[in-house]
Amino acid sequence: MSWLLESLNSSIGKKILMAVTGISLILFLVGHLSGNMALFANDGGKSFNAYAEFLHHLPGLMVIEIILASVFLLHILNALRLWVENKKARPVKYAVNASSKNSTIFSRTMVQTGSIILIFLIVHLKNFWYEYVILKSNDNLFEIVVETFKDPVYSGLYILAMILLGFHLNHGFQSAFQTFGWNHKKYTPFINFLGAIYSIAMAVGFASMPIYFLFFYGGN
Amino acid sequence: MSDVKLKLKLKIWRQPGSDAVGKLVDYDVEVSPDDSFLEMLDQINESLEKNNQEPIVFESDCREGICGACGLVINGQPHGPVPRITTCQLHMRHFKNGDTIYVEPFRAKAFPVLKDLLVDRTPLDKILQVGGFVSINTGGVPDANEIPIAKDVAAQSFDAAACIGCGACVASCKNASAMLFVSAKVSQYALLPQGQPERQRRVEAMVKAMDEQGFGSCTNTYACEAECPKGISISNIARLNRDFFSAKLKSKNVS
């Protein structure tokens, strides 16, 4: 198996690892957002709590959670490793940075947007998963959501994080296809377009939750 | 010839040796808009020599955009602000009177500065040495067109082979990655029948050599494609990724 480890440790291997985990997370977000749409059912949280219960009692939930956590960790740790290595590859910086002339802001800021998403993820897990699953502070997840989004500062930062998530996804989506070697005159423009639509949908979709609970929910 | 001269402020990287500390040094110049960038540097050097000062060291050879020797980073862009040309093909008419121009060497761990603007680009040669060839027994001259190759395939291969190995891709990449260079060298053979027998071995060896030279990893910013004087396409990087992936799965090389 040494050849496999060596391959994954090569520059292209690390790219492939980044792309495989990235695409997995892209698919996860679709599922996560679709399920959370139950928040908008306007039935006092009945649908949403039922959905949360369903997920909570899913057979093999532990296995799914471990796989998901591993994918996140691999994506994050591999990114940190690449970031450190890539910094070392240019020890002396240029006096003039003209990168805006040859690349997009999305592609250049993956570490920054990714780091903010990581901070968001930790806060997000603390607020919902830790409170609901571990502390069991409230068995009504909908109430936790309503309470959390009542805080305008929290909701504001949440929306900001989702915009940056959109930035991150916009580069990540098409980048994964390029890494897999799927660059084609006919399909690449479509993939880039689809990636932009996808990232806008995710950013708007997730940001719609704090916006809804802050401005439109419960008559406040 | 234009009589109007441009007054420019140049900030040029001067570094006495590879281990020495370098700094940007100011030079005020007056040049004709018809001068090339390298002619301007020649003029500075002539006046420096007249005053018994060390001339600025920079590389150049063919001065017609095909040898790949003259890489300079001008205002943060390898080969300057005009796309699809090398430094030697850049003319001063692209600058405005009163402009400040920063001239720096290619920056990468794999390209140590030897002196002033001269960097050591042997790491690119090291990569070529392990795969930039096809092994063919020389014998009698084969008939032309003996192996049929479609025109569009030949053209694609030639587009990849247009790489002059200048290193601008490394210089422009925020990770100092040499992926565009390696992908061009892998692609030019991968596309042709003559390249097939060594296809797997070549891509494995060249990627390994690339990683050993201390280049960074590609993060698909595509800055390389934008700055490449020969317009090498990032579709070559996609081909490199594909070929590497399939070679690693299929080849019997387990070391």
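Refer to the structure printed above.
Before going into details, it helps to say that this report is about the structure given with it. Per-chain numbering applies: the sequence of each chain, read as written, is numbered from 1 onward. Written order determines the labels here, with chains lettered from A and ligands numbered from 1. Local features are withheld for residues below a pLDDT of 70 in this predicted model, meaning they are given only at 70 or higher, and side-chain atom pairs are given and counted only at 80 or more; totals for whole chains, interfaces and linings count all residues. Water and hydrogen atoms play no part in the side-chain values, which are based on all heavy atoms of the structure.

### A word on the overall build of chain B
- For chain B, the count of helices and strands is 8 helices and 7 strands.
- In terms of its C-alpha atoms, chain B occupies a principal-axis envelope of roughly 60 × 40 × 35 Å.
- Residue burial is assigned from relative accessible area. The probe radius is 1.4 Å, only protein chains are included, and a residue is buried under 20% of its type maximum, exposed over 50%, and partly exposed in between. Counting all 255 residues of chain B, 51% fall into the buried class.
- Per-residue and other accessible areas follow the Shrake-Rupley method at a 1.4 Å probe size, with only the shown protein chains counted as cover for residues. Carbon together with sulfur atoms contributes 51% to the accessible area of chain B, which is approximately 11900 Å² in total.
- The charge count includes Lys and Arg as positive and Asp and Glu as negative, but it does not include His or the ends of the chains. To locate a charge, take atom NZ for lysine, CZ for arginine, CG for aspartate or CD for glutamate. Here chain B carries 29 positive and 31 negative side-chain charges, and the mean point of each set is 6 Å from the other. The numbering of helices and of strands both runs from the N terminus, where a helix is a DSSP run of H or I of at least 4 residues and a strand a run of E of at least 2.

### Describing helix α8 (residues 152-179) of chain A
All names here are of chain A.
- Taking 1.5 Å of rise per residue, the 28 residues of α8 would be expected to cover 40 Å, and the 40 Å separating its terminal C-alpha atoms lies within 8% of that figure.
- We call two N or O atoms a polar contact when they sit within 3.5 Å, provided that within protein one can donate a hydrogen and the other can accept it, with sequence-adjacent residues counted only if both atoms are side-chain atoms. One side-chain oxygen at the N-terminal end of α8 lies 3.0 Å from the backbone nitrogen of Val 153; it belongs to Asp 151.
- Following α8 by one or two positions, Gly 181 has its phi on the positive side, about 90 degrees. By this rule the span expected of a helix is its residue count minus one, scaled by 1.5 Å.

### Thoughts on the sheet that holds strand β3 (residues 73-74) of chain B
All names here are of chain B.
- Should DSSP find at least two bridges between two strands, the strands are regarded as paired. Here we have 5 strands laid out as an open sheet, ordered β2-β1-β5-β3-β4, and mixed in their pairing. Looking at strand neighbours, the two that pair on one side only are β2 (23-31) and β4 (77-78), the edges of this open sheet.
- Two elements, strand β1 (residues 6-14) and strand β5 (residues 100-104), share 4 bridges in a ladder whose sense is parallel. Counted as the bridge partner of Ile 12 is Val 103 from β5.

### Re the nonpolar core
- By nonpolar core is meant a set of buried Ala, Val, Leu, Ile, Met, Phe, Trp, Tyr and Cys residues that side-chain atoms within 4.5 Å join together. Counting residues in hydrophobic clusters, the biggest one holds 44 residues, and the most contacted among them are Phe 111 and Phe 215 of chain B.
- At the level of secondary structure, the elements contributing two or more residues to this core comprise α2 (11-36) of chain A together with α2 (122-129), α4 (168-172), α5 (179-190), α6 (199-212) and α8 (235-250) of chain B.
- Residue contributions to this core peak at 6 residues, all from α5 of chain B.
- Setting aside chain neighbours within four positions, we find Phe 111 of chain B in contact with Phe 106, Val 119, Asp 120, Arg 121, Leu 124, Gly 167, Val 170 and Phe 215 of chain B. In this analysis, two residues are considered to be in contact whenever any of their non-hydrogen atoms come within 4.5 Å of each other.

### Some words on the side chain of Ser 155 of chain A
- Structurally, Ser 155 of chain A is set in helix α8.
- When neighbours within four sequence positions are excluded, Ser 155 of chain A is seen to be in contact with Phe 149, Pro 210 and Leu 214 of chain A.

### Observations regarding the packing of α5 of chain B against α8 of chain B
All names here are of chain B.
- The angle between two axes is taken between their N-to-C directions and runs from 0 to 180 degrees, where each axis is a line fitted to C-alpha atoms and a helix contributes only its stretch in contact. Relative to each other, α5 and α8 sit at 75 degrees, their axes nearing to 8 Å. On the basis of the axis angle, α5 is roughly perpendicular to α8. Contact residues: α5 offers Met 179, Leu 180, Val 182, Ser 183, Ala 184, Val 186, Ser 187 and Ala 190, while α8 offers Asn 236, Ile 237, Arg 239, Leu 240, Asn 241 and Asp 243.
- A per-class count over the contact of α5 with α8 returns 8 nonpolar, 4 polar and 2 charged. Any angle from 65 to 115 degrees is called roughly perpendicular, while one under 35 is roughly parallel, one over 145 is roughly antiparallel, and all others are oblique. Asp, Glu, Lys and Arg are counted as charged, while Ala, Val, Leu, Ile, Met, Phe, Trp, Tyr, Cys and Pro are counted as nonpolar; the rest, among them Gly, fall into the polar class.

### Considerations on the pairing of β1 of chain B
- Across 9 bridges, β1 of chain B lies against β2 of chain B in antiparallel orientation. Along β2 of chain B, the bridge assignment pairs Lys 9 of chain B with Asp 28 of chain B.

### Comments concerning the interface of chain A and chain B
- Taken together, the contact between chain A and chain B spans 36 residues of the former and 49 residues of the latter.
- Accessible surface is computed with a 1.4 Å probe, and the buried area is the amount of it that two parts give up when combined, taken over both parts together. At the boundary of chain A with chain B, total buried surface from both sides reaches about 3400 Å², with 53% on carbon and sulfur atoms.
- Salt bridge, as applied in this entry: a Lys or Arg side-chain nitrogen positioned within 4 Å of an Asp or Glu carboxyl oxygen. Counting across the chain A and chain B interface gives 1 salt bridge.
- Across the pair Glu 6 of chain A and Lys 248 of chain B runs a salt bridge whose closest N-O atoms are separated by 3.8 Å.
- One can count 21 residue pairs in polar contact (both at pLDDT 80 or more) joining chain A with chain B.
- When contributions to the side of chain A that touches chain B are tallied by element, the ones reaching two or more residues are α1 (2-9), α2, α4 (61-88), α5 (105-108) and α8 of chain A.
- Looking at the side of chain A that touches chain B, the element that brings in the most residues is α2 of chain A, giving 6 residues.
- Of the residues in the side of chain A that touches chain B, the class split is 12 nonpolar, 16 polar and 8 charged.

### A closer look at unusual backbone geometry
- Positive phi, close to 60 degrees, is recorded for Asn 42 of chain A, a residue that is not glycine.
- Its location among the elements puts Asn 42 of chain A in the loop between α2 and α3 (46-56).
- With phi around 55 degrees, Arg 63 of chain B is a residue other than glycine that occupies positive phi space.
- With respect to the element layout, Arg 63 of chain B can be found in the loop between α1 (37-50) and β3.

### Describing the side chain of Asn 236 of chain B
- Examined against the element boundaries, Asn 236 of chain B turns out to sit in helix α8.
- Beyond its immediate sequence surroundings of up to four residues, Asn 236 of chain B is in contact with Ala 160, Ser 183, Ala 184 and Ser 187 of chain B.

### Thoughts on the pattern of salt bridges
Residues and elements named next belong to chain B.
- Applying the stated rule across the entire model yields 15 salt bridges over all chains.
- A salt bridge links Asp 26 to Lys 11; the nearest nitrogen and oxygen atoms lie 3.2 Å apart. Taken together, the positions of Asp 26 in strand β2 and Lys 11 in strand β1 put the pair 15 residues apart, joining distant regions of the chain.
- Judged by relative accessible area, Asp 26 falls into the partly exposed class, the value being 39%.
- The network of salt bridges with shared partners includes Lys 9, Lys 11, Asp 26 and Asp 28.

### Let's talk about the packing of aromatic side chains
- Stacked, edge-to-face and tilted are the three classes for Phe, Tyr and Trp ring pairs, Trp counted by its six-membered ring, which pair at centre distances within 6.5 Å; planes under 30 degrees apart are stacked, over 60 edge-to-face, the rest tilted. For the structure shown, the criterion picks out 23 aromatic pairs over all chains.
- Linked through ring pairs, Phe 40, Phe 48, Phe 120, Phe 128, Phe 142, Phe 149, Tyr 154, Tyr 158, Tyr 212, Phe 213 and Tyr 217 of chain A together constitute an aromatic cluster.
- Sitting above the plane of the Trp 13 of chain B ring, Arg 107 of chain B keeps its charged end 4.2 Å from the centroid. Ring-over charges, as used throughout, are those where CZ of Arg or NZ of Lys falls within 6 Å of the ring centre and within 35 degrees of the ring normal.

Spatial relationships are all this shows, so hold off on functional conclusions.
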